[in-house]
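Each chain is listed here by its residues.
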Amino acid sequence: MDELHHECGVATLYYLPGHDDKSAVWTGAPDQVSRLMPRMLLDLQNRGQLAAGMATYNPERDKLLDTYKEVGTVIEAFRINHPAKYASIMEDFAGRAAIGHTRYATCGGQTRSYAQPFERPHGCKWKWFAFAFNGQLTNFADLREQLLANHSYHLTRDNDTEVIMHYIAHEIRSDSRPDLVEVFRRLSEKFDGAYNLVFLNAEGDMVVLRDPLGIRPLVYAQDGPMFGAASESVALQNLGFRRSNIRSLAPGEMVLIQNGEMSIHRFAESKRTAHCFFEWVYFANVASTFDERSVYLTRARLGQELAKQERALGRVPLDPSDTVVVPVPDTGKAAADAMAFALGIPSVEGLIRNRYIGRTFIEGGNRVDKVRLKFTPLPEVLQGKKVLLVEDSIVRSTTLQSLLKHLREQGGAKEIHVRVACPPIIAPCFYGIDMSTVRELFAPKFMAGKVPTVEEQDAMAKVLGADSLFYLPVDAVARCIDLPASGLCRACVTGNYPTPAGEQMYQLSLRNNANGDTGRTYERPIEPLMCSVNDEGRT
């Protein structure tokens, strides 16, 4: 609701020669497979809207590996609304293998030079590569300092992507073709954080890997000669890959395509997982499934938990004649519908989202204007009603405050009771979500501990302009996802981080907050930390 953003989505496609030529995914020429990439990226647009791009491999082209990327949404970047320009891009960058990326920045600039994939040309084909990644290295500052101090490197960008590029290049510097499994095994001993990575070189070798904790989702599938991988299953399913063939890549595993053959390898030990629970609650497309857990069903169960809590609290009389459940579009809808059904009261679309307001048009200005541009309350269903407003999460609260005022003034709601299908966000995320300081978070300002009391939630409601406010408890998250709490990353709602550098950055953020420092912690150097895999499988 607070325009919380995720750092990026990744996708790959590969036409594997020598396999059954029949495929529901692609029936055209092998060297035109890359034409499917923009379609895949459209299904990952929820994960980043600042830039989009792809790198393609074509052995029949003078430039064996070539990269196209631009600032903007997928439609803007690939000029899809301009048929002649789009056709020219697809022809110029046609290939039998492709990696793609949609970007949102939690660090680094918003210019084209920060767009991914990054390409590193070289005269030697196995040293000429392109790659893209999804996530964030928590020990980025330390890795960067080591490059600058020890290897006479010059870095042109302030982000972890360039650092990763130099570390990959360093690992493949020998005069013989490298063992890519071993390359990424060594890198896993250096990297701390979330990193799903896709890699393609001028030999036609492809790597798709998921970090040892599996913080971000990554799925793959094969249909005849067609191989695909993506941050979310919906991107593969909508291309025609059968749902039964779509699998989650296990943490610490990588897909390697070499000499036209696909194989799966373990590149890092993974004795535990730390799947980001927020993927199911907020970020992922509601139609996606990953780690064998449906996003839609998870959100519906969150709504059922809200209904149980509502009955137990008994703060709002549940009279179907004057009480309605209203979701905040769009991620609150599944939870709101399930909650309303369980309570026996109507779920109505009291807020209509304007889906045609462009990203650029609403930039700048104040939050009241942004809310009015994005949402239209319907007095026909809100006037004089007690509204149970279902929100997926509250991070900074700025947009929600304006929305509640808008619901009263324009919608005519008599009472507004906010119900949050998530625990309070009390700690920053250092693994690829755009919330990196304690100071910017709403809930910690009111909470003495890690679990909010009724009185603290009432105080939050008063500041927001709501008649009441209740969050789901932390233990509801694992129950609704149907995964053990020990297998999830819940750092933002517990303050317990799954990696050493994450914990270190949290302590720094707490100190900054206590000192009144509003700086974003990832831009500040942290003490030297070169991580290795420990006995818990953490990097």
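In short, a report on the structure. Keep in mind that what you see is a predicted model, and the values were worked out from it rather than measured.

1. Notes on the overall build of the protein chain
The number of helices and strands found in the protein chain is 17 helices and 23 strands. A compact globule built from 539 residues should have a C-alpha radius of gyration of about 24 Å, and the protein chain, at 24 Å, falls within 12% of that. Once the C-alpha set of the protein chain is aligned to its principal axes, its extents read approximately 70 × 50 × 40 Å. Taken across its 539 residues, the protein chain has 60% of its residues classed as buried. Counting contacts in the protein chain only where the partners sit at least 6 residues apart, residues at least 24 apart contribute 72% of the total. A distance of 2 Å separates the average location of the 61 positive side-chain charges in the protein chain from that of its 65 negative side-chain charges.

2. Remarks on the pairing of strand E22 (residues 468-471)
Of the two faces of E22, both are covered, the one formed by Ser468 and Phe470 as well as the one formed by Leu469 and Tyr471. In the sheet, strand E21 (residues 415-420) pairs with E22 via four bridges, with the strands oriented parallel. Among the inter-strand pairings, Arg419 is bridged to a residue of E22, identified as Phe470.

3. Let's talk about a nonpolar patch on the surface
A surface patch of nonpolar side chains, about 270 Å² in accessible area, is lined by Val286, Tyr296 and Leu297. For Leu297, the location among the structural elements is in helix H9 (residues 295-313). For Leu297, a relative accessible area of 44% puts it in the partly exposed group.

4. A short note on the packing of helix H4 (residues 140-150) against helix H5 (residues 160-171)
As a packed pair, H4 and H5 sit with axes 10 Å apart at the nearest point and diverge in direction by 50 degrees. Of the possible angle classes, the one that applies to H4 and H5 is oblique. When the axes of H4 and H5 are compared, the crossing they make is left-handed. Of the residues in H5, those in contact with Phe140, Leu143, Arg144, Gln146 and Leu147 of H4 are Asp160, Val163, His166 and Tyr167. In terms of residue class, the contact of H4 with H5 is made up of five nonpolar, two polar and two charged.

5. Notes on the sheet that holds strand E9 (residues 219-223)
Strand pairing in a sheet relies on backbone hydrogen bonds, with the paired strands running either antiparallel or parallel. Spatially, seven strands are ordered E3-E2-E4-E1-E10-E9-E11 in an open sheet, and the strand pairing comes out antiparallel. Edge strands, defined here as strands with exactly one partner in the open sheet, are strand E3 (65-71) and strand E11 (247-248). As judged from the six bridges shared by strand E1 (residues 9-15) and strand E4 (residues 97-103), these two strands associate in the antiparallel manner. Paired with Gly9 across the bridge in E4 is Thr102.

6. So, H9
Along its 19 residues, H9 runs 27 Å from first to last C-alpha, staying within 8% of the 27 Å computed at 1.5 Å per residue. Those residues of H9 not exposed but buried are Val295, Thr298, Arg299, Ala300, Leu302, Gly303, Glu305, Leu306, Ala307, Gln309 and Glu310. Backbone nitrogen of Tyr296 and a side-chain oxygen of the N-cap are separated by 3.3 Å at the start of H9; the cap is Ser294. Looking one or two residues beyond H9, the residue adopting positive phi is Gly314, at roughly 65 degrees.

7. Examining the sheet that holds strand E8 (residues 206-209)
One open sheet accounts for six strands, arranged E5-E6-E7-E8-E12-E13; its pairing is antiparallel. Here the strands that pair on one side only, and so sit at the sheet edges, are strand E5 (118-120) and strand E13 (261-266). In this sheet, neighbouring strand axes are inclined to one another by 20 degrees on average, regardless of whether the strands run parallel or antiparallel. For strand E12 (residues 253-258) and E13, the ladder comprises six bridges, and the chain directions are antiparallel. Residue pairing in the sheet places Glu253 in a bridge with Arg266 of E13. Contacts from helix H6 (residues 180-188) reach strand E7 (193-201), E8, E12 and E13, with the element oriented near 150 degrees to E12.

8. Remarks on the environment of Ala501
Relative to the assigned elements, Ala501 resides in helix H17 (residues 500-514). Sequence separation between Ala501 and Phe430 is 71 residues, and the spatial gap between their C-alpha atoms is 8.9 Å.

9. Some points on the nonpolar core
Residues Phe78, Phe277, Phe278, Leu389 and Val418 are the most contacted members of the largest nonpolar core, which totals 113 residues. Once residues within four sequence positions are removed from consideration, Leu389 is found in contact with Val326, Val328, Leu351, Leu400, Leu404, Leu407, Ile416, His417, Val418 and Arg419. Counting residues in each nonpolar core, the second largest holds 31 residues, with Phe118, Phe129, Tyr167 and Phe267 among its members.

10. Focus on the pattern of salt bridges
Counting across every chain of the model gives 25 salt bridges. The closest approach of N and O atoms between Asp291 and Arg210, which form a salt bridge, is 2.9 Å. One end of the pair, Asp291, is in the loop between strand E15 (289-290) and strand E16 (293-294); the other, Arg210, is in the loop between E8 and E9, with 81 residues separating them in the sequence. The burial state of Asp291 is the same as that of Arg210; both residues are buried.

11. Points about empty space enclosed by the protein
If a probe as big as a water molecule is rolled over the atoms, it shows which places are left empty. Across all of its chains, the model carries four cavities of 30 Å³ or more by this definition. As a volume, the largest cavity reaches approximately 80 Å³. Across the lining of the largest cavity, the residue classes break down as twelve nonpolar, no polar and two charged.

12. So, unusual backbone geometry
With omega at 5 degrees, the peptide bond leading from Gln116 into Pro117 counts as cis. Following Pro329, the chain continues into Asp330 via a peptide bond in cis, with omega recorded as -5 degrees. With respect to the helices, strands and loops of the structure, Asp330 is situated in the loop between strand E17 (323-327) and helix H10 (333-343). Its identity as a non-glycine residue notwithstanding, Asn259 has a phi of 55 degrees, on the positive side. On the accessibility criterion, Asn259 (65% relative accessible area) is exposed. Of note, the phi angle at Ser397 is positive, near 80 degrees, even though the residue is not glycine.

13. Brief notes about the environment of Asn159
Looking at the element boundaries, Asn159 is found in the loop between H4 and H5. Distance from Asn159 to Ala287, taken between C-alpha atoms, is 31 Å for residues 128 residues apart in sequence. For Asn159, the side chain forms a polar contact with the main-chain nitrogen of Glu162, separated by 3.4 Å.

14. Some words on the side chain of Lys127
Assignment of secondary structure puts Lys127 in the loop between E5 and strand E6 (129-137). Here Lys127 occupies a buried position and makes no salt bridge, while the nearest side chain of opposite charge, Asp175, is found at 4.1 Å. One polar contact links the side chain of Lys127 to the main-chain carbonyl oxygen of Arg173, over a distance of 3.0 Å. For Lys127, the contacting residues outside a window of four places in its chain are Arg120, His122, Ile172, Arg173, Ser174 and Asp175.

Cut-offs and rules
- Residues numbered from 1 in each chain as written.
- Predicted model: local features only at pLDDT ≥ 70, side-chain atom pairs only at ≥ 80, totals over all residues.
- Heavy atoms only, no water.
- Helix = DSSP H or I, 4+ residues; strand = E, 2+ residues; numbered from the N terminus.
- Rg over C-alpha atoms; globule rule 2.2 N^0.38 Å.
- Buried < 20%, exposed > 50% of the residue type's maximum accessible area, 1.4 Å probe, protein only.
- Contact = heavy atoms within 4.5 Å.
- Lys, Arg positive; Asp, Glu negative; His and termini not counted.
- Charge placed at Lys NZ, Arg CZ, Asp CG, Glu CD.
- Pairing = 2+ DSSP bridges.
- Patch = residues over 30% accessible without salt bridge, like charges linked within 9 Å, V, L, I, M, F, W, Y side chains within 5 Å.
- Areas by Shrake-Rupley, 256 points an atom, 1.4 Å probe, with all protein chains shown as cover.
- Salt bridge = Lys/Arg side-chain N within 4 Å of Asp/Glu carboxyl O.
- Axes fitted to C-alpha atoms, helices over the stretch in contact; angles between N-to-C directions.
- Parallel < 35°, antiparallel > 145°, perpendicular 65-115°, else oblique.
- Left-handed = near helix turned anticlockwise from the far one by under 90°.
- Nonpolar A, V, L, I, M, F, W, Y, C, P; charged D, E, K, R; others polar.
- Expected span 1.5 Å × (residues − 1).
- Polar contact = N/O pair within 3.5 Å; in protein donor to acceptor, adjacent residues only side chain to side chain.
- Core = buried A, V, L, I, M, F, W, Y, C linked by side-chain atoms within 4.5 Å.
- 1 Å grid on protein atoms, 1.4 Å probe; cavity = no way out; pocket = protein on both sides within 12 Å on 5 of 7 lines; lining within 4 Å.
- Points joined across faces, edges and corners; volume = space filled by probe spheres on them.

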